[in-house]
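# Structural overview for review
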Amino acid sequence: MAQEDVLINLIECVDFAAIKHRNQRRKDSDSTPYINHPIGVARILTHEAGIQDIVILQAALLHDTVEDTDTTFDELEKKFGKAVTNVVREVTDDKSLPSEERKRLQIVHAPTSSPEAKAVKLADKLYNLRDLCKGTPRGWSSKRCEEYFKWSKKVVDGLRGTCPIIESELDKIFTARGLI
Ligand SMILES: Nc1nc2c(ncn2[C@@H]2O[C@H](COP(=O)(O)OP(=O)(O)O)[C@@H](OP(=O)(O)OP(=O)(O)O)[C@H]2O)c(=O)[nH]1
Ligand SMILES: [Mn+2]
């Protein structure tokens, strides 16, 4: 893909995700706009892990659009193509399943995910765990936070061997929490 097309595609993804997430907020005390999360996940991949793969970066920007908004995979495929859509599909939980089952499936599916999906998932977990280190999300008990750290470690263990820089950042967090 020409450099110019890469830039245009990325801006299109940021714009699309910003519109889709426009009414959503994070569960932190500032109620940060939700779009900060997918942008931050993409930034971890570029600025911390040095990833420049356009499919991975587009999927990172779009990764919560189907799970958390009215976006469909069909819509993503028409606009951004199969490769990006398939990575988003791999990192999207089936919201029709009970929460416990969704959490179990993330652990089961992690080891057989594509390298692209593993990279997005690792950055997603790093972003969310850093948020969790800063403060308790609205409506969460300390027990729920503790469970999220423990569960994340199990998912991350299935994603290892993909992005050493992100994995070592995650390990710093797990070590600080006494999970390693
Ligand atoms: N730590 C944190 N998380 C927040 C905050 N606001 C929104 N979230 C979102 O909450 C999700 C984690 O909460 P859960 O209770 O486990 O997920 P659920 O809402 O889908 O059941 C993450 O979804 P996700 O990105 O799809 O990731 P995943 O946890 O499903 O892998 C995360 O992005 C916040 O302020 N702090
Ligand atoms: Mn996410």
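Heads up: the structure comes first, above all this text.
The paragraphs below set out a description of the structure included in this document. Because the structure is a prediction, the values reported are computed rather than measured.

## Examining the packing of helix α1 (residues 3-20) against helix α3 (residues 54-62)
Where α1 contacts α3, the axes come no closer than 8 Å and their chain directions differ by 15°. Classified by the angle their axes make, α1 and α3 are roughly parallel. The element α1 and its partner α3 pack so that their crossing is right-handed. Seen from α1, the contacting residues are V6, N9, L10, C13, V14, F16 and A17; seen from α3, they are I54, L57, Q58, L61 and L62. Looking at the contact of α1 with α3 residue by residue, the classes come out as 10 nonpolar, 2 polar and no charged.

## What to know about the coordination of the manganese ion (ligand 2)
Taken together, H37 (NE2), H63 (NE2), D64 (OD) and D124 (OD) make up the full set of protein donors to the manganese ion (ligand 2), lying 2.2 to 2.3 Å away. Donor residues for the manganese ion (ligand 2), ordered by position in the chain, follow H-x25-H-D-x59-D. Taken as a pair, H63 in the loop between α3 and α4 (65-68) and D124 in helix α8 (residues 115-134) lie far apart in primary sequence, 61 residues in all. Here H63 falls in the buried class, since its relative accessible area comes to 1%.

## Focus on the nonpolar core
One finds L45, I51, L62, L129, I166 and L170 to be the most contacted residues of the largest nonpolar core, which totals 44 residues. When residues of this core are traced back to their parent elements, those giving at least two are α1, α2 (36-48), α3, α5 (73-80), α6 (82-90), α8, α9 (142-157) and α10 (164-176). At 9 residues, α8 tops the list of elements feeding residues into this core. Sequence-distant contacts of L45, defined by excluding residues within four places in its chain, comprise G50, I51, I56, L57, A60, A119, V120, A123 and I166.

## Overview of the packing of α3 against α6
Remark: α3 packs on α6, axes separated minimally by 9 Å, with the N-to-C direction vectors making an angle of 50°. With respect to their mutual orientation, α3 and α6 come out oblique. Considering the relative orientation of α3 and α6, their crossing is right-handed. The segment α3 lies against α6, with V55, Q58, A59 and L62 engaging A83, V84, V87 and V88. Taken together, the residues of the contact of α3 with α6 break down into 7 nonpolar, 1 polar and no charged.

## As for the site of ligand 1
In the vicinity of ligand 1 there are 22 residues, among which R26, K103, K125, R144 and Y148 approach most closely. Between an oxygen atom of ligand 1 and a side-chain N or O atom of Y34, the distance comes to 3.3 Å. Separating an oxygen atom of ligand 1 from a side-chain N or O atom of D64 is a distance of 3.3 Å. Protein contacts shield 91% of the accessible area of ligand 1, which totals 690 Å² for the unbound molecule.

## Section: the pattern of salt bridges
Counting across every chain of the model gives 18 salt bridges. E75 is the partner of K20 in a salt bridge, and the nearest nitrogen-oxygen pair spans 3.0 Å. With K20 in helix α1 and E75 in helix α5, the pair connects residues that are 55 residues apart, well separated along the chain. As a salt-bridge pair, R130 and E169 come within 3.0 Å of each other at their nearest N and O atoms. With R130 in helix α8 and E169 in helix α10, the pair connects residues that are 39 residues apart, well separated along the chain. You can call R130 partly exposed: its relative accessible area is 25%. A relative accessible area of 19% places E169 in the buried class. One salt-bridge network, in which partners are shared between bridges, spans E48, R130, E169 and K172.

Conventions and cut-offs
Residues numbered from 1 in each chain as written. Chains lettered and ligands numbered in written order. Predicted model: local features only at pLDDT ≥ 70, side-chain atom pairs only at ≥ 80, totals over all residues. Heavy atoms only, no water. Axes fitted to C-alpha atoms, helices over the stretch in contact; angles between N-to-C directions. Helix = DSSP H or I, 4+ residues; strand = E, 2+ residues; numbered from the N terminus. Parallel < 35°, antiparallel > 145°, perpendicular 65-115°, else oblique. Left-handed = near helix turned anticlockwise from the far one by under 90°. Contact = heavy atoms within 4.5 Å. Nonpolar A, V, L, I, M, F, W, Y, C, P; charged D, E, K, R; others polar. Donors = N, O, S within 2.8 Å, 3.2 Å for Na, K, Ca; no water. Buried < 20%, exposed > 50% of the residue type's maximum accessible area, 1.4 Å probe, protein only. Core = buried A, V, L, I, M, F, W, Y, C linked by side-chain atoms within 4.5 Å. Near = heavy atom within 4 Å. Polar contact = N/O pair within 3.5 Å; in protein donor to acceptor, adjacent residues only side chain to side chain. Areas by Shrake-Rupley, 256 points an atom, 1.4 Å probe, with all protein chains shown as cover. Salt bridge = Lys/Arg side-chain N within 4 Å of Asp/Glu carboxyl O.

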